[in-house]
Amino acid sequence: MSSLSRELVFLILQFLDEEKFKETVHKLEQESGFFFNMKYFEDEVHNGNWDEVEKYLSGFTKVDDNRYSMKIFFEIRKQKYLEALDKHDRSKAVEILVKDLKVFATFNEELFKEITQLLTLENFRENEQLSKYGDTKSARAIMLVELKKLIEANPLFRDKLQFPNLKNSRLRTLINQSLNWQHQLCKNPRPNPDIKTLFVDHSCGQPNGARAPSPANNPLLGSLPKAGGFPPLGAHGPFQPTSAPVPAPLAGWMSNPSTVTHPAVSGGAIGLGASSIPAALKHPRTPPTNPSIDYPSADSDHVSKRTRPMGISDEVNLPVNVLPVTFPGHGHSQTFNAPDDLPKAVARTLNQGSSTMSMDFHPVQQTLLLVGTNVGDIALWEVGSRERLVSKNFKVWDLSACSMPLQASLVKDPAVSVNRVIWSPDGSLFGVAYSRHIVQIYSYHGGNEVRPHLEIEAHVGGVNDLAFSHPNKQLCVITCGDDKTIKVWDATTGTKQYTFEGHEAPVYSVCPHYKENIQFIFSTAVDGKIKAWLYDNMGSRVDYEAPGRWCTTMAYSADGTRLFSCGTSKEGESFIVEWNESEGAVKRTYHGFRKRSLGVVQFDTTKNRYLAAGDDFSIKFWDMDNVQPLTSSDADGGLPASPRIRFNKDGSLLAVSANDNGIKILVNSDGMRLLRTSENLSYDASRTSEAPKPTINPISAAAAAAAATSAGLADRSASVVTIAGMNGDARSLGDVKPRITEESSDKSKIWKLTEISEPSQCRSLRLPENLRVTKISRLIFTNSGNAILALASNAIHLLWKWQRSDRNSNGKATASVPPQLWQPSSGILMTNDVADTNPEEAVPCFALSKNDSYVMSASGGKISLFNMMTFKTMATFMPPPPAATFLAFHPQDNNIIAIGMDDSTIQIYNVRVDEVKSKLKGHSKRITGLAFSHVLNVLVSSGADSQLFVWNTDGWEKQKARFLQVPAGRTPTALSDTRVQFHQDQIHFLVVHETQLAIYETTKLECLKQWVPRDSSAPITHATFSCDSQLFQFSPTCNCCTSI
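Residues numbered from 1 in each chain as written. Predicted model: local features only at pLDDT ≥ 70, side-chain atom pairs only at ≥ 80, totals over all residues. Heavy atoms only, no water.

Novice: Help me understand the sheet that holds strand β24 (residues 618-623), please; the structure alone is not making it clear to me.
Specialist: Strand-to-strand pairing in sheets goes through backbone hydrogen bonds, with the strands running parallel or antiparallel. If you walk across this open sheet you meet the four strands as β22-β23-β24-β25, and the pairing is antiparallel. Pairing within the sheet leaves two strands with one partner each, and these edge strands are β22 (603-606) and β25 (629-633). The sheet shows a mean angle of 25° between the axes of neighbouring strands, taken without regard to direction. Sheet topology note: the β22/strand β23 (residues 610-615) ladder contains four bridges and is antiparallel. Paired with Thr605 across the two strands is Leu611, which belongs to β23. (Pairing = 2+ DSSP bridges. Helix = DSSP H or I, 4+ residues; strand = E, 2+ residues; numbered from the N terminus. Axes fitted to C-alpha atoms, helices over the stretch in contact; angles between N-to-C directions.)

Novice: Quick question: what am I supposed to make of the sheet that holds strand β11 (residues 476-481) here?
Specialist: Strands sit in the order β10-β11-β12-β13 across an open sheet of four strands; the sheet is antiparallel. The sheet terminates laterally at β10 (463-469) and β13 (496-501), the two strands that pair on one side only. Pairs of neighbouring strands in the sheet enclose a mean axial angle of 20°, with direction left out of account. Pairing of β11 with strand β12 (residues 485-490), which is carried by five bridges, proceeds in the antiparallel orientation. In the strand pairing of β12, Thr479 is matched with Lys487.

Novice: Is there a simple way to explain the packing of helix α5 (residues 67-86) against helix α8 (residues 136-153) in this structure?
Specialist: The relative placement of two packed helices comes down to the angle between their axes together with the axis-to-axis distance. Two elements in contact, α5 and α8, have axes separated by 9 Å at closest approach and are oriented at 170°. It follows from the interaxial angle that α5 and α8 lie roughly antiparallel. Note on element contacts: α8 touches α5 through Thr136, Ala139, Arg140, Met143, Glu146, Leu147, Leu150, Ile151 and Ala153, opposite Tyr68, Lys71, Ile72, Glu75, Ile76, Gln79, Glu83 and Asp86. For the contact of α5 with α8, the class distribution of residues is nine nonpolar, two polar and six charged. (Parallel < 35°, antiparallel > 145°, perpendicular 65-115°, else oblique. Contact = heavy atoms within 4.5 Å. Nonpolar A, V, L, I, M, F, W, Y, C, P; charged D, E, K, R; others polar.)

Novice: What is the right way to read unusual backbone geometry from this model?
Specialist: Working note: non-glycine residues mostly have negative phi, and peptide bonds are mostly trans. Each neighbour pair has its own omega, and for Pro880 with Pro881 the value is -5°, a cis peptide bond. Residue Pro882 is bonded to the preceding Pro881 through a cis peptide linkage, with omega at -10°. Tracing the chain through its elements places Pro882 in the loop between β38 (873-877) and β39 (884-889). A positive phi angle, close to 60°, is found at Lys607, a residue other than glycine. With respect to the helices and strands, Lys607 occurs in the loop between β22 and β23. For Lys607, a relative accessible area of 17% puts it in the buried group. Notably, Asp660 is not glycine yet its phi reads approximately 60°, a positive angle. Within the element layout of this structure, Asp660 appears in the loop between β27 (653-658) and β28 (662-667). (Buried < 20%, exposed > 50% of the residue type's maximum accessible area, 1.4 Å probe, protein only.)

Novice: Honestly, a nonpolar patch on the surface in this entry has me stumped. Any pointers?
Specialist: A contiguous nonpolar patch, built from Leu198, Phe199 and Val200 and spanning about 390 Å² of accessible area, is present on the exposed surface. Take Val200: its relative accessible area is 53%, and that puts it in the exposed class. (Patch = residues over 30% accessible without salt bridge, like charges linked within 9 Å, V, L, I, M, F, W, Y side chains within 5 Å. Areas by Shrake-Rupley, 256 points an atom, 1.4 Å probe, with all protein chains shown as cover. Salt bridge = Lys/Arg side-chain N within 4 Å of Asp/Glu carboxyl O.)

Novice: Explanation requested: the packing of helix α1 (residues 3-18) against helix α9 (residues 170-184) in the structure shown.
Specialist: Running from N to C, α1 and α9 point in directions that differ by 110°, and their axes come no closer than 8 Å. On the basis of the axis angle, α1 is roughly perpendicular to α9. Together, Leu11, Gln14 and Phe15 of α1 and Arg170, Leu171, Arg172 and Leu174 of α9 make up the contact between the two elements. For the contact of α1 with α9, the residue count by class is four nonpolar, one polar and two charged.

Novice: So what exactly am I meant to see when it comes to the nonpolar core here?
Specialist: Note that soluble globular proteins tend to have their nonpolar side chains buried in a common cluster. Among the nonpolar cores identified, the biggest contains 63 residues, and Phe36, Phe41, Leu57, Tyr81, Leu101 and Phe522 are the most heavily contacted of them. Top element by residues in this core is α5. It accounts for ten residues. Those residues in contact with Phe36 that sit more than four places away from it in its chain are Phe41, Tyr56, Leu57, Phe60, Ile151, Phe157, Lys160 and Leu161. Of all hydrophobic cores here, the second largest spans 22 residues; its members include Leu368, Leu370, Val390 and Cys402. (Core = buried A, V, L, I, M, F, W, Y, C linked by side-chain atoms within 4.5 Å.)

Novice: How should the pairing of strand β15 (residues 518-525) be read in this particular structure?
Specialist: Regular strands have side chains that alternate between both faces of the sheet. For β15, the buried fraction is high: seven of the eight residues fall into the buried class. Pairing between strand β14 (residues 507-515) and β15: eight bridges, direction antiparallel. Its bridge partner lying in β15, Cys511 is registered against Phe522. Where β15 folds back onto strand β16 (residues 529-534) in an antiparallel hairpin, the turn is made up of three residues, including Gly528, whose phi is positive at roughly 85°.

Novice: What exactly am I supposed to notice about the side chain of Ser509 here?
Specialist: Within the secondary structure layout, Ser509 lies in strand β14. A polar contact of 2.6 Å, which involves the side chain of Ser509, links it to the side chain of Thr524. Among the polar contacts listed, one links the side chain of Ser509 to the backbone oxygen of Thr552, at a separation of 2.9 Å. Beyond its immediate sequence surroundings of up to four residues, Ser509 is in contact with Asp465, Cys480, Phe522, Ser523, Thr524, Thr552, Thr553 and Met554. (Polar contact = N/O pair within 3.5 Å; in protein donor to acceptor, adjacent residues only side chain to side chain.)

Novice: What is the right way to look at helix α6 (residues 90-101) in this model?
Specialist: Two residues of an α-helix separated by three or four positions point the same way, owing to the 3.6 residues in each turn. Those residues of α6 that fall on the buried side of the exposure criterion are Ala93, Val94, Glu95, Ile96, Leu97, Val98, Asp100 and Leu101. Of the surrounding secondary structure, the elements contacted by the buried residues of α6 are α5, α7 (109-117), β14 and β15.

Novice: I tried to follow the packing of aromatic side chains on my own but got confused; where do I start?
Specialist: Tallying each qualifying case throughout the model produces 30 aromatic pairs. Ring geometry for Trp423 against Phe430: centres 5.2 Å apart, planes inclined by 70°, an arrangement best described as edge-to-face. Here the two residues Trp423 and Phe430 agree in accessibility, since each one is buried. Their ring planes at 20° and their centres at 4.3 Å tell us that Phe877 and Tyr909 sit as a pair that is stacked. With Phe877 in strand β38 and Tyr909 in strand β41 (residues 906-910), this pair connects stretches of sequence that are 32 residues apart. Accessibility expressed as a relative area gives 1% for Phe877, which makes it buried. Looking at Tyr909, the relative accessible area reads 1%, which means it is buried. Here the aromatic residues Phe36, Tyr40, Phe41, Tyr56, Phe60 and Phe157 are joined through ring pairs into a cluster of three or more. One Lys or Arg, Arg6, reaches over the ring of Phe34 and ends 4.9 Å from the middle of that ring. (Phe/Tyr/Trp six-rings, centres within 6.5 Å; stacked < 30°, edge-to-face > 60°. Lys NZ or Arg CZ within 6 Å of the ring centre and 35° of its normal.)

Novice: Looking at this structure, how should I read the pattern of salt bridges?
Specialist: If the charged atoms of two oppositely charged side chains come close together, the side chains can form a pair. Scanning all chains against the criterion turns up 28 salt bridges. A salt bridge links Lys27 to Glu31, with the nearest nitrogen and oxygen atoms 3.7 Å apart. Highlighted residues: Lys27 and Glu31, both in helix α2 (residues 22-32), separated by four residues, approximately one helical turn. A relative accessible area of 34% places Lys27 in the partly exposed class. For Glu31, a relative accessible area of 55% translates into the label exposed. One continuous salt-bridge network, built from bridges that share partners, spans Arg562, Glu578, Arg588 and Asp625.

Novice: When you look at the environment of Asp977 in this model, what are you seeing that I'm missing?
Specialist: The residue Asp977 is located in the loop between β46 (958-963) and β47 (978-982) in this model. By relative accessible area, which is 30% here, Asp977 ends up partly exposed. Once residues lying within four places of it in the same chain are set aside, the contact partners of Asp977 are Arg926, Thr928, Val992, His993 and Glu994. Within the local environment of Asp977, its side chain forms a polar contact with the side chain of Arg926, the two groups lying 3.1 Å apart.

Novice: Is there a simple way to think about the side chain of Arg926 in this case?
Specialist: Locating Arg926 in the fold gives a position in the loop between β42 (915-920) and β43 (927-933). Relative accessible area serves as the criterion here: at 17%, Arg926 is assigned to the buried category.

Novice: Got a minute to help me understand the pairing of strand β40 (residues 896-901) in this structure?
Specialist: The element β40 is largely enclosed, with a buried count of six among its six residues. The side-chain alternation of β40 yields two buried faces, one formed by Ile896, Ala898 and Gly900 and the other by Ile897, Ile899 and Met901. The pairing of β39 with β40 spans five bridges and is classified as antiparallel. Bridge assignment links Leu887 to a residue of β40, and that residue is Ile899. Remark: six residues form the turn of the hairpin made by β39 and β40, two consecutive strands paired antiparallel. Connecting β40 to the next strand, β41, in antiparallel fashion are four residues, including Ser904 with a positive phi near 80°.

What follows is the structure, given as structure tokens:
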């Protein structure tokens, strides 16, 4: 903006203030960022209008601009948090902790933990550093003194704290001068002209020889008002040129940030208590926002030392696409057409034999359906083949261990119903909650192999709901019951860990969840009360009232960002609502239920977009963003009044309870292909004597979670399944022979090889690009499955994104719709440092953080850390030699990165503190593969030396090492790559080498299975686990794809 335009903004600000447009004045101050009104800021702080305080500040600085800005925001948010605690509003305090203060954990994790601990105190003044905290008014006044010093010292506020020295009503004066000049230019100027508009130039209509009056004695716009509200500070006169402000991205990194000294201000010390608290962020560092330059900061320990990034948040899910996406048919007045991706066609009908009470699809093998019934039976169905793999009647495993009341109850009335069945997150366990005291946990080993694992007498009376959760990285079982309690049990030993009491009626349902690093449980009771619990035995944190005030269940969308509940009142009135968690209020109520539902309505969510409920002898669907029903289906008739429903993980199948003890499986097009593929596999299995049933045991090739990490396509598993058998072609591969080096204990597993060599069996798509890229070196799907990230040989990154549309309603990657090449509005590119390396010799590598917010990348030069939303370079480090050859983010901490080097070492680097924590040595040639297991807490590495190593991630000690078993007669090239990828079970991993594919067990580092191409075939170039537990291998020499 030019100097004159900038001054015009000041004139408008003065005019608005004189005319008493108070809100508009401050809005323009904020949006322009030219003048920071300290008086207004002080008033808002004194009044505790924290949202407005931060909103106003956002026009001038962001929390991570520099150390002064960071402390300004910290002090404000800390005060807001303490006030919530002082009011004993713990739910509000938790919200502030998660939404506002979590960002500072990156700079000082111990401080954040200390702040979190305040939740456990009855009065936070028990904390020594807060013992002198007075009342709210005095605390705000003390904080304001510190804030003013920080603002005055902040270079971003330079030249913005004083308003130009203007004469009163300067804009009016200029307009008067302009009108008088126009009047004097009139051919026939009239005395005392009547000027009625400023929209067009003035001219007099009638001839008149009189001269126009001078502005000094006859102002055309009336008398000038008295002085306005802006203080006459500074030395700016009208049209006096001003020096250009320092650009915001650079201001915080100048070596002399301020000419004013403030010895009392500590830009680096944010702390729990008063502003002078020691040991809190001595040197917080801010990443440069310039995409390619690192700027030294004046407070650095060594001015020449490179800039340190602030650290990477594990949980901040910054979207790559910041543009709003609209969906057709979302207006209330529009006619809705049911999207094709909703499962509505009946594909299977199963006869359970008794009335279905609860269902759940396996999280990995998505055609396995677990069922519990009203007579205590449980069953496991393979819905593709319509085969019932497991059927069990209710039986107490150890009656002698049961309490006498339970034994007496069972003798008096042996009738038992299943209230809930549910799989554990990885599908290795499932739980059954019964109407009599008992919870039974089974372990699942694939096929029809189900073993008793735990039997817990959990509650007095019925166990109404059951869920799995991972507090403190430990799998637990959560139950609730008629005895008005919620209990948490160790899923391995059955030991009770927590008992939550506080409901005044039987607890109907539980919904565990986590946000950031805070784990909690929602519970609902039959009196309509909703409570929330942390794992600390400190009592309920919230107390909401559910619509209907009777039986209510709660569920989050798949991405965990939106909370819904479905309930039915005693009078039969049903509700589905979306909640505003921060306020404990209903955000949206969905319409379309029968006036009097017959029974308690059940619901489910899918694809982060749809809701479904069984009501009025049908299934009703809603788009989450619209309260009007989207469509409904009666599933060809035969449904009960309030059918039970359950989606599979990717939303391609919907199980619905039916009359006459039946279950109907509804499908969309992807679901139909999924069932056909499953049916074909089962048919092939039936023809193999060694493997009568399909299985998903630990070595059953890949599954959703691993594939989601490596390929980002968890939500597309149904469509991926169909690639191998799209045309029903399942020929055996002639040039690949399976060779089992060590027999697995899993005798039922089939390893089936299918060649894909016809174009009709595949779908292809050319990705658009306009950057004259000649070669793509690396390619990966994002973890969300809606984009592809590529690294070109010229060190430039390309990002293609799929948008939601009529042809692609879920916005996931597909070959049916081309994606768009995406760039931020700034137009900058993510470009790696290439130094003086030869592009042909460089080994390009990159890794995505688990939340797709950051990419770590190298192309032979320094390693670069990029923000995926802005494409800005957050940091560059580790200049060669040695050069990075492979990168991997730690699965539990995005700030820890494993870096494989071309000198055969592995460096464990902490981004937050800019420090190499460990250097792992053992390989003899460059590192070609790295993979973490979050279950075993190990890192597996592979190198061009054909060696595998297993490292413990707690102390980074080497646990095991082994050379690959190179087939006889095959000599690998000198620097052949060896890649590793973990199976979804996180215990077994795939090894890809030019001579073979192999499956290894991690703890013993034993090769369980090995596939070797015949001698004359081309070397293996790449292989990966797919989302649906099949393996696809591609060899460019023979132009074929092999499915295992």
